[in-house]
Amino acid sequence: MHSNSSSGSRLCLNSLSSKLPFQALALGIVIIPFNSLSAEKSHQYNTVVAKNVLTVVAVENPSIVFKEDQFLHGFGYDLARNYAQNLNVKLDFKTVPDNATALKWIAQGKANFAMTTSTIADIEKKQLVSFSASCGDQASLSNNGLNPQLNWVFKQADDPLTLTASGFVCQSKQLGTTQQLASFYNRNVVKPESWSTIQKDLNQRLPIYKASFKQSASKYNLDWHLLAAIGYQESYLKPTSVSPTGVRGIMMLTNNTAKAMGVTNRTDPEQSIQGGAKYYDLMLDQFAHVPYPDRNWYALVAYNMGPGAVGQIQKRIQAQGKDPNQWVNLYDYLQRNQARNGRYKQAVQYVKRIRTYLEHIKTSNLINV
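Residues numbered from 1 in each chain as written. Predicted model: local features only at pLDDT ≥ 70, side-chain atom pairs only at ≥ 80, totals over all residues. Heavy atoms only, no water.

The protein is annotated in an unreviewed UniProt entry as Transglycosylase SLT domain-containing protein from Acinetobacter suaedae. For the record of the protein, the UniProt heading Subcellular location (unreviewed entry) holds the text "Cell outer membrane". (UniProt positions renumbered as here; feature names shortened; annotations may be inferred.)

Written out as structure tokens, the structure is:
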């Protein structure tokens with residue numbers, strides 16, 4: 001999850017960040033040399049290069065993006081962010097009330113492209129062009145509870161921006177990035193029948209501890225919603241929780257961790273939240289070499305498995321010739337090896353559930369919260 005104003009803040013999270021080589025975007029698509037295109041024709045690509053900004057417009061929905069204040073994340077948002085990174089430009093992500101408005105923005109040249117779930121008929125009516133955001137891999141989206149009809153809409157078919165975007169989307173599918181993004185934003189992580197219980201728990205317990213979450217988050221420049229999501233994943237926000245391995249309290253600290261964080265009573269909610277925030281902050285510092293926004297996800301895996309275990313996985317990723325400081329690679333390693341290592345499976349579920357709870361806490365109308 002990622003702020004649309006800054007990628008360096010601890011207050012925002014993001015998921016998969018993949019630096020795909022721009023030169024490799026062909027995949028059978030003929031890329032017209034930009035300097036050979038008619039100078040008379042106004043292309044969106046020229047606008048993006050001139051401004052060094054890619055402006056994308058979309059409707060807020062679970063398959064594309066959700067936001068609160070400057071906080072943004074979602075499958076569609078991350079895909080657009082990766083494309084902007086490949087163009088080496090900044091991303092300016094705008095949200096509008098409906099698909100019709102998004103299409104109008106493209107027709108009027110107010111944005112470089114739109115991410116919509118509009119029908120082909122509606123798109124063609126506006127004399128616009130589109131292609132599947134999954135390069136036809138609709139199963140990856142639908143299997144993860146995302147809208148398979150997600151598309152990218154452009155003003156002109158022969159615009160270099162349209163051509164490179166199409167190549168990028170299909171390369172993302174080929175490299176497995178699309179599938180990983182869909183998996184990470186899986187809307188089926190929590191069973192539908194469980195949400196009423198979760199909502200009830202949050203309505204009853206979160207108001208009691210909200211002040212403590214806010215105070216601790218402020219002290220370490222964290223997002224209090226994230227701390228609350230960690231707390232709910234760890235203990236359902238029950239201060240008397242104890243696990244079979246002896247961790248206890250709202251933030252489920254081990255005895256050693258609690259002592260190191262200055263916590264004298266793990267079942268004291270305020271102390272537990274303070275200790276959990278301090279430990280999460282320490283995990284962020286442990287992975288200072290990982291750029292934001294990916295650092296947040298590394299810190300969560302480390303909170304669950306311990307920083308040493310994450311460090312060992314990073315060494316293995318590096319030995320495979322991959323960047324050990326990119327979340328897409330760590331997530332891929334955990335996923336591919338979760339069948340042989342229960343801790344990896346647990347870590348994947350842990351991060352995905354916290355992301356799901358975080359989204360729910362930020363976007364739901366929680367009573368008294």
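Novice: Go over the nonpolar core with me, naming the residues and quoting the values.
Specialist: One finds Leu 54, Phe 93, Trp 152, Phe 213 and Ile 230 to be the most contacted residues of the largest nonpolar core, which totals 94 residues. Counting residues per element, this core draws most heavily on helix 15 (residues 342-363), which supplies 9 residues. Two domains each donate at least three residues to this core, and these are domain 1 (44-185) and domain 2 (193-363). Judged by nonpolar contacts, the second largest core, of 12 residues, contains Val 59, Leu 103, Trp 105 and Val 153. (Core = buried A, V, L, I, M, F, W, Y, C linked by side-chain atoms within 4.5 Å. Buried < 20%, exposed > 50% of the residue type's maximum accessible area, 1.4 Å probe, protein only. Helix = DSSP H or I, 4+ residues; strand = E, 2+ residues; numbered from the N terminus. Domains from an automatic or database assignment.)

Novice: Break down the pairing of strand 6 (residues 113-116) for me, citing the residues and quoting the values.
Specialist: Covered by surrounding structure in strand 6 are Phe 113 and Met 115 together with Ala 114 and Thr 116, the residues of both alternating faces. The pairing of strand 2 (residues 53-59) with strand 6 spans 3 bridges and is classified as parallel. Bridge pairing in strand 6 links Ala 58 to Met 115. Across 3 bridges, strand 6 lies against strand 8 (residues 151-154) in antiparallel orientation. If you follow Thr 116 over to strand 8, its bridge partner there is Asn 151. (Pairing = 2+ DSSP bridges.)

Novice: I'd like a description of helix 3 (residues 99-108), backed by residues and values.
Specialist: For helix 3, the set of buried residues is Ala 102, Leu 103, Trp 105 and Ile 106. One side of helix 3 holds all its buried residues, which, seen down the axis, span an arc of 155 degrees. Backbone geometry just downstream of helix 3 places Gly 109 in the positive-phi region, at approximately 75 degrees. (Arc of directions from axis to C-beta.)

Novice: Outline the environment of Leu 237, supporting the account with residue identities and numerical values.
Specialist: Mapped onto the fold, Leu 237 is located in the loop between helix 9 (224-235) and helix 10 (255-260). The class for Leu 237 is buried, based on a relative accessible area of 1%. Apart from the residues lying within four places of it in its own chain, the contact partners of Leu 237 are Leu 202, Arg 205, Leu 206, Tyr 209, Phe 213, Ala 228, Gly 231, Tyr 232 and Ile 250. (Contact = heavy atoms within 4.5 Å.)

Novice: Please set out the packing of helix 7 (residues 177-184) against helix 14 (residues 327-336) residue by residue, giving values where relevant.
Specialist: In contact at an axis separation of 11 Å, helix 7 and helix 14 are set at 75 degrees when each is read in the N-to-C sense. Here helix 14 runs roughly perpendicular to helix 7, going by the angle between their axes. Residue-level contacts link Gln 180, Ser 183 and Phe 184 of helix 7 to Trp 327, Val 328, Tyr 331, Asp 332 and Gln 335 of helix 14. For the contact of helix 7 with helix 14, the class distribution of residues is 4 nonpolar, 3 polar and 1 charged. (Axes fitted to C-alpha atoms, helices over the stretch in contact; angles between N-to-C directions. Parallel < 35°, antiparallel > 145°, perpendicular 65-115°, else oblique. Nonpolar A, V, L, I, M, F, W, Y, C, P; charged D, E, K, R; others polar.)

Novice: Break down the pattern of salt bridges for me, with residues and values.
Specialist: Side chains carrying opposite charge are able to pair once their charged atoms draw close together. According to the stated counting rule, one finds 9 salt bridges in the structure shown. The shortest N-O distance in the salt bridge between Lys 94 and Asp 92 comes to 3.4 Å. The exposure class assigned to Asp 92 is partly exposed, which follows from its relative accessible area of 24%. A salt bridge links Asp 332 to Arg 336; the shortest N-O distance between them is 2.9 Å. Taken together, the positions of Asp 332 and Arg 336, both in helix 14 and 4 residues apart, correspond to about one turn of that helix. In this structure Asp 332 comes out as buried when scored by relative accessible area, which is 17%. The exposure class of Arg 336 is partly exposed, given its relative accessible area of 47%. Salt bridges sharing common partners tie together Arg 187, Arg 355 and Glu 359. (Salt bridge = Lys/Arg side-chain N within 4 Å of Asp/Glu carboxyl O.)

Novice: So what's going on with the packing of aromatic side chains? Which residues, and what values?
Specialist: What the rule picks out here adds up to 21 aromatic pairs. A ring pair is formed by Trp 152 and Phe 168, whose centres lie 6.5 Å apart and whose planes are at 20 degrees; its orientation type is stacked. Here the residue Trp 152 occupies a position in strand 8, and Phe 168 occupies one in helix 6 (residues 160-175), the gap between them amounting to 16 residues. Taking relative accessible area as the criterion, Trp 152 reaches 0% and is therefore assigned buried. Judged by its relative accessible area of 0%, Phe 168 falls in the buried class. With a centroid separation of 5.4 Å and an interplanar angle of 80 degrees, the aromatic rings of Phe 184 and Tyr 185 are classed as edge-to-face. For the residue pair Phe 184 and Tyr 185, the accessibility class agrees, reading buried in each case. Chaining the aromatic ring pairs together yields one cluster made of Phe 184, Tyr 185, Phe 287, Trp 297, Tyr 298, Trp 327 and Tyr 331. Looking at Arg 355, its charged tip hangs above the ring of Phe 184, at a distance of 5.7 Å from the centre. (Phe/Tyr/Trp six-rings, centres within 6.5 Å; stacked < 30°, edge-to-face > 60°. Lys NZ or Arg CZ within 6 Å of the ring centre and 35° of its normal.)

Novice: Explain the packing of helix 12 (residues 294-305) against helix 13 (residues 307-319) residue by residue, including any values.
Specialist: The relative placement of two packed helices comes down to the angle between their axes together with the axis-to-axis distance. Packing of helix 12 against helix 13 leaves a shortest axis separation of 7 Å and a crossing angle of 120 degrees. When the interaxial angle is binned, helix 12 and helix 13 end up oblique. Counting all contacts with helix 12, which are made through Tyr 298, Val 301, Ala 302 and Met 305, the residues of helix 13 involved are Pro 307, Ala 309, Val 310, Ile 313 and Gln 314. A class-by-class count of the residues in the contact of helix 12 with helix 13 yields 8 nonpolar, 1 polar and no charged.

Novice: A description of the sheet that holds strand 8 should follow, citing residues and the corresponding values.
Specialist: Ordered in space as 5-2-6-8-7, the 5 strands form an open sheet in which the pairing is mixed. Each edge of the open sheet carries a strand with a single partner, namely strand 5 (90-96) and strand 7 (129-132). Put simply, the sheet's adjacent strands are angled 25 degrees from each other on average, direction ignored. Sheet topology note: the strand 2/strand 5 ladder contains 7 bridges and is parallel. The partner of Val 56 across the bridge, within strand 5, is Phe 93.

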